[in-house]
Every structure is written in structure tokens, then in C-alpha cells.
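Residue-level listing of the chains:
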Amino acid sequence: MGYRYLTTPIYYANGHPHLGHLYTTTVADILALHWRRCGDETLLLTGTDEHGINIQRAAESAGRTPQEQVDEISSSFRRTFDEFGLNRFDIFMRTTDPRHVAGAQQFWKRIAAGVSPKGNPNIYKGHYEGWFCAPCAAFKSDDELLKRDDGEVPLCIDHERPVDRVSEESYFFRLSDYQEFLIDVLENQPERIQPEARRNEVLSFVRRGLQDLSISRETRSVSWGIPVPGDSSHVMYVWLDALSNYITALGYGSDDETILNSHWENAVHLVGKDILRFHTVYWWAFLSAAGLSLPKTVYSHGMWLDSKGRKMGKTLGNVVDLTDLKGRFPVESIRYFLLRDMVFGQDGNFGYLNLIERTNADLANGLGNLSSRTLSMIQKYCDGVVPKVRDDVAIAALWPDFEKGLDDVRSRFLASFDRFQFSQALEELWTLIRRADLLISDNKPWVLAKSPEKRAELEAVLRISWETLRWVITLVYPVMPVSCTKLSGLLGFDLVSPNLLQVSLASDSRVSESSEIVFPRLIKEEIMSESNANVAPSIEEAATETIQTNSSEFITIDDFLKVQLRIGEIKVAERIPNADKLLRFEVDLGEGRNRQILAGLAEYYNPESLIGRKVVVVANLKPRKMRGLESEGMICAASLEDSDDNPAIATFLEHVNIGARLK
Ligand code: MSP
């Protein structure tokens, strides 16, 4: 058993929570539950960031005091988290909490008492002259601003809002002296930032050179903050105050630092990529200056984009209203979607239609349908008693190495979770669901049940299907705890006791007599009715190319071999500007270079979710141009069983090699 410490960012108390906030807290909630199930004592922190000019201004415009403002918004975050079942955190941090204020001041004092790696005082007083973006809570250099006509105040590139001119006395942190230290950490301790690509970004930022950082504001311009120790005419820079919450929450600077000592070195910060620089460059330098060790990993996730590919946020006013979202969708569909549809680290597309499709395909049709079929067949053909594994031969004939197969998926699932590759982890489990579905449709238990001599086969099909569900549900439990608890009750197994480190088959069991539907199908027209046009993507009719075949004509094997069908792995998948239906792929067919392939899948698949997927490619199709881009092959797909229009990309249940030919 190990100690873990997991944090979300603490959210600005200047506005109500939105999807971006819900996302990180949901991921953290799921991860904490997963780690706890794996036996690790996990401390989970979330909270609100309550100081600074932005909050002071939000309070002014709402006609209330800053304290009233932060009390109201902080409770709104707590309420929302509660409504979404996000109640597994141990600490809800508020930076106005007196214990934090005292701890942050201790942190300042420790930094001020020390010297930089070059032997200079860490903190010195000077004069700051420059631009400050209140929503970013960051000083901005010229290359981070959009210049406008002479005399007009420039705009922050991220927020597209005018920045403030600051000219005042300030305390500075000697960040420039920490450049070598940071480069050394970034180069030699790669696990400290995930994913890898983000580490390279931070590294090149640091290599470009660092300037000393202004870490205080005069109280005559910003009064709502933590006073600088020993100088009440200044308040601490809000990021120094906010970042230190991660350690003050563990007792830093108090009489009892036991929890800090046991948990800090295993800290994992989950942050959006927009605030990664603060959590690495600034935070690491501050920690080092105070003589503390660095967090184990800062994991940076991507952004949820709207249907036009723009980041969802308050600035553009395209946020998803969480009350509306909750009114339309079951909470656990949302949890599943958030984890499944964003490849952690990359951006993801959010839309109500995507959510409906994902829920129907994976939950109603996938997990839900397999569960209710299995349940009702065990009720009908076995009087509700789950068949014993009494005929290994029958099981082996249907699914060779069944137990080992489950165990392999289990270990790949856990490994993907460890790498924060949640989407891939879920894909692993759904491969099993598809395989069990196929087993049922190929072997037709309702036909087997008519012949007594087929009893062993019938029982083997039902047993395999039940056992597959038991493992899928056990592993996916942290993502959908309420639904999985219901399913385990219906199917009659214990969700708590399995040892997650090894698959073993269950002993006697009985399924319930109920036929409750745990994942009802979502009806598009109902969900989208009186929809908010700003949020929900328009319902467009899908037009897909259909391949005409003439089934009465036979071809010879030579004809067939003319078509080179090969396995390719999707390396890049992205939308094409101004083309609603096409996606552009770069696919590795094992040829030493990737092929560019265009396919009309944009309305059905979120491109990020396809990265890493192995697909079947017609490799010797004559290249042709679409929208000015050359397409060097075709990705094979079939129509989904419940809709002629919706394609399902052809894929394999087993692991297949890139470049392998279908024959
Ligand atoms: N208060 C700071 C964090 C201080 S932590 C010591 C802050 N707050 S925030 O409320 O603006 O944002 C918090 C988080 O929400 C960030 O991780 C940000 O990336 C995330 N998101 C905001 N919009 C988002 C999306 N559209 N998509 C995904 N996450 C997004 O920054």
C-alpha cells in the first residue's frame, strides 16, 4: 500500500463552475477511487482560488464585498460537485482559510530567507513596469499581447481583453537564477511532466531564458490578497498564494507536518495545459527556493472545444451550462463520456450529439445490452443460477485461453490507467464487450437451448458472457460507481472483494429476478428539444457514401487478392477546416512513412478518440484528391446495426501487427 496525493487546480472564485472545472474534478474523482480500490491511501484535494484583482473586480461588479463574492462562488462549486456525485475529495481548499493564509506567509518567509542557486537573495524589492492580464492573473511580455492602434491598450492573446498597465513598487522572485535548475529537472526527470510533448514545450520556454518574476502588488492597486510578511503595503502575487495551497493543505508551516511528510513526495497535480507553466516553471522554482521537493508528476490535460473547434470558456461565452447538462443527461453518462472522448493530454470535442452517440453506442447498446441479454438468458435457461465452469473444453472451444485473455485485458487496462490513458483503458474493456456480444450472436443460446445435448455449450456461452461482464464492471466501477453497483446487484456478484491484480473466476452465483434497464437509450429528439443553440451542435442529417455490391456475382481468389487490405495504425486524426464531413488521417501501414487518408467520418467520430486505433485500409486504391488534399487509401467501415447511416470502423478484437495483410 502506498500514499498518494492527487490535486485538481483550485478554481477562481470569480464565476460559476463550467465544464472545464467539472472535467478535471471528474477525472480526479475517478482516479482517486481507482487508486483506493487498488489499495493506495489517496488524499484528494480540490477547492477555490479566492484572492486577486479579478475576484476583487467580480465582487465590485456584483455589488458585494470580496468575502461575500468568494463565499457565494465557493459554495456554488461545492454544490455543483455534489450534484455531479463528486464527493470523494478529502480537502476542499479555500485560499481565504486562515490556516492557508498563515502557511502561505510561512512559505514566503522561507523563500525570502534563502538564496538562489547563484547565491543571490531569492526575493528583492524593485519597480515593475509592464502589462498584467487580470483573468490570467499573469504579467505579460510583448509577445503575449495583441497590439492595437497607437494609444489603444493591447489585448491579452488568450482572453482577447485589454490588459492593465502596472507601474509600481514590487517584490521580485529571482526566477532567472533557476533556469539551469529547471532545465536539469526537465531533462533528467521526465516523469515530472506528462505527457511528453508538454515537457518539450516547457523545456523550450525555459531555454529561451527566464526573467525575474514580480510576486507582489501594492495594496493601493490590489487590496484583496494575503499581506506580504513584514510589509502590509503589499499583497502576495495570486499565483504564489494559490500554488502554495497544495502544501498548506497538508499542514506546511503549521505545528504538524506529518501529512506533508508522508504524502508530498507522491503528489500528482492534474492541470489544464493553459496553466502548466505556472505549475512547473514557477511552482518548482518556488519549492526549490523554499527547500522542498518537487511534486511527483504534473499531468496536463487538453481543452474541451466546441463544435467549431474553439476552447470552451468564459471568455468566448461558449461554456456548457452545467445545470442544463445535468437536466438532459445521466451523471454517469457524462462521467463516462468525459473519460472516453478526450484522449488525456489532447483536446476533445464536446457536443450534446457526441454525448448521446457515445452513451447509446457504449452504454445502452454495449455494456447495458450485454448485461440485460446475459441476465435474461441466465434467468430463462438456467433458472437464474450462473452456470458453473464445469466444461472447460466447451469454454476453450468458444474462447481459447479465456481466463488468460481476461487477465491480459485487465493488466492492459491498469497499465493504461497508470499512464492516464483513460480512453485507451476503456477501449480495452469495450473490446471484451464486443467479443462477448459476437459470441452470443454467433452461437445463439436460444437455439442451443432447444437441444439437450448442447447444454454444455449453452452454459459455456452464458458463463463466458457473465464472467466477462463481471470483470468489465469491476474494472470500470470508478468511472460509473452507481450504475456498476446496480449492475453487479442484478448480475449477482461482489464488486468489492475481487483482487484487481489477478483475474480469477467467481464461484457460485445467482442473478436477480429483476429486469431493470440500467442504461436507457437516449432519444436524440427528446434530449435536444428546447436545446440551447449556443451549446448544442446543430442536428445535421448525415450523408455517407455507401458502397454498392452485387451479391449475385462471384469473384475468384485472384480477384480478391487484387485488393490489398492492410492493417494501419492511426497516428494523426484531425478535422479539415471548412469540411464538415471529412477527417484527415495519417496512418502507419508499416511502410516507413505515414499515409494521408481522408474519410467522411467527421460527423460520427471524435478525431482524437481514433488516434492509436488499428484500422483496415484498402492500401492499393488509386490516390485521389478531396478538398485539395490527396487521399492515399480508404479506411473500411460498416453500417451500425441500428442505423444505416452511422458507420462503425472495422477493427480487430485481437492484437494485430501494423502492415499485416487481410487474406
Ligand atoms: N485558479 C487557477 C488555478 C490555480 S491552481 C493553484 C485557475 N483557475 S480556473 O478556474 O481558471 O481554471 C481551472 C482549470 O479549468 C484549469 O486547469 C483549466 O485548464 C481548466 N479549464 C478551463 N476551461 C477548460 C476547457 N474548456 N476544457 C478543459 N479544461 C479547462 O486557472
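Just so we're clear, the structure is a prediction, and the values are computed from it rather than from any experiment.

Draft legend 1. Region of interest: the overall build of the chain. The helix and strand tally for the chain stands at 22 helices and 26 strands. Structurally, the chain occupies a C-alpha span of about 90 × 60 × 50 Å along its principal axes. Burial statistics for the chain: of 663 residues in total, 54% are counted as buried. Within the chain, contacts between residues separated by at least 24 positions form 73% of all contacts whose residues are at least 6 apart in sequence. Here the chain displays about 29500 Å² of accessible surface, and carbon together with sulfur accounts for 49% of that area. The chain carries 75 positive and 93 negative side-chain charges, and their two centres are separated by 3 Å.

Draft legend 2. View of the packing of helix α15 (residues 402–418) against helix α16 (residues 422–443). Relative orientation of the contacting elements α15 and α16 amounts to 165 degrees, with a least axis distance of 7 Å. In terms of axis orientation, α15 runs roughly antiparallel to α16. Considering only the axes of α15 and α16, their crossing is left-handed. Counted together, Leu406, Val409, Arg412, Phe413, Ser416 and Phe417 of α15 and Phe422, Gln424, Ala425, Glu428, Leu429 and Leu432 of α16 form the full contact between these two elements.

Draft legend 3. A look at the site of the ligand. In the neighbourhood of the ligand, 23 residues make up the surrounding shell, with Ile10, Asp49, Asp274, Trp304 and Met312 lying closest. The contact in question runs from an oxygen atom of the ligand to an N or O atom on the backbone of tyrosine 12, over 3.2 Å. Residue aspartate 49 places a side-chain N or O atom 2.7 Å away from a nitrogen atom belonging to the ligand. For the ligand, whose unbound accessible area comes to 670 Å², protein coverage reaches 95%. Of all elements in the fold, only β1 (3–12), α1 (19–37), α7 (238–243) and β14 (267–272) reach the threshold of two or more residues within the shell around the ligand. Tallied by class, residues from the shell around the ligand come to 13 nonpolar, 7 polar and 3 charged.

Draft legend 4. The arrangement of the side chain of aspartate 362 in detail. By secondary structure assignment, the location of aspartate 362 is in helix α13 (residues 352–382). The residues touching aspartate 362, leaving out its near neighbours within four places in the chain, are Tyr336, Arg340, Leu367 and Trp430.

Draft legend 5. Up close: the pairing of β14. A large share of β14 lies buried, amounting to 6 of its 6 residues. In this structure, β1 lies alongside β14, joined through 3 bridges in parallel fashion. From the neighbouring strand, tyrosine 5 faces β14, where its bridge partner is alanine 267. Where β14 lies against strand β15 (residues 297–301), 5 bridges are found, and the strand directions are parallel.

Draft legend 6. The pattern of salt bridges, seen in detail. For the structure on display, the rule yields 41 salt bridges. Measuring nitrogen to oxygen at the nearest pair gives 3.7 Å for the salt bridge that ties glutamate 180 to lysine 118. Taken together, the residues span a long stretch of sequence, with glutamate 180 in helix α5 (residues 179–188) and lysine 118 in the loop between α4 (98–113) and β4 (123–133) at a distance of 62 residues. A salt bridge links aspartate 408 to lysine 404; the nearest nitrogen and oxygen atoms lie 3.0 Å apart. Of the two residues, aspartate 408 and lysine 404 are both situated in helix α15; the distance of 4 residues between them amounts to about one turn of the helix. Residue class for aspartate 408 comes out partly exposed when judged on its relative accessible area of 27%. A single salt-bridge network, built from bridges that share partners, covers Arg340, Asp341, Arg358, Asp362, Glu427 and Arg434.

Draft legend 7. Fine view of the domain arrangement of the chain. Along its sequence, the chain is organised into domain 1 (3–106 + 239–312), domain 2 (115–235), domain 3 (328–491) and domain 4 (551–649). Relative to domain 3, the C-alpha centre of domain 1 lies at a distance of 35 Å. Domain 1 puts 29 residues into the contact, and the matching count from domain 3 is 27 residues. Together, Ile30, Tyr299 and Trp304 form the three largest contributors to the area buried by domain 1 at its contact with domain 3, with a combined 25%.

Draft legend 8. Structural view of the sheet that holds strand β11 (residues 216–218). Strand order in the open sheet formed by 3 strands is β11-β13-β12, and the pairing between neighbours is antiparallel. Where the open sheet ends on each side, the last strands, each with one partner, are β11 and β12 (227–228).

Draft legend 9. Structural view of the nonpolar core. Leu325, Phe350, Leu367, Trp430 and Met480 are the most contacted members of the largest nonpolar core, which totals 105 residues. Discounting chain neighbours no more than four positions away, the residues touching leucine 367 are Asp362, Trp430, Ile433, Leu469, Val472, Ile473, Met480, Leu487 and Phe519. One finds Met93, Tyr171, Phe172 and Val235 within the second-largest nonpolar core, a separate group that totals 76 residues.

Draft legend 10. Representation of the state of the cysteines within the structure. Going through the model one piece at a time under the given rule, you end up with 0 disulfides. Residue cysteine 38 stays outside any disulfide, its sulfur separated by 15 Å from that of cysteine 484, the closest cysteine. Given a relative accessible area of 32%, cysteine 38 falls into the partly exposed group.

About the criteria used
Residues numbered from 1 in each chain as written. Predicted model: local features only at pLDDT ≥ 70, side-chain atom pairs only at ≥ 80, totals over all residues. Heavy atoms only, no water. Helix = DSSP H or I, 4+ residues; strand = E, 2+ residues; numbered from the N terminus. Buried < 20%, exposed > 50% of the residue type's maximum accessible area, 1.4 Å probe, protein only. Contact = heavy atoms within 4.5 Å. Areas by Shrake-Rupley, 256 points an atom, 1.4 Å probe, with all protein chains shown as cover. Lys, Arg positive; Asp, Glu negative; His and termini not counted. Charge placed at Lys NZ, Arg CZ, Asp CG, Glu CD. Axes fitted to C-alpha atoms, helices over the stretch in contact; angles between N-to-C directions. Parallel < 35°, antiparallel > 145°, perpendicular 65-115°, else oblique. Left-handed = near helix turned anticlockwise from the far one by under 90°. Near = heavy atom within 4 Å. Polar contact = N/O pair within 3.5 Å; in protein donor to acceptor, adjacent residues only side chain to side chain. Nonpolar A, V, L, I, M, F, W, Y, C, P; charged D, E, K, R; others polar. Pairing = 2+ DSSP bridges. Salt bridge = Lys/Arg side-chain N within 4 Å of Asp/Glu carboxyl O. Domains from an automatic or database assignment. Buried area = accessible area lost by both parts, 1.4 Å probe. Core = buried A, V, L, I, M, F, W, Y, C linked by side-chain atoms within 4.5 Å. Disulfide = S-S within 2.5 Å.

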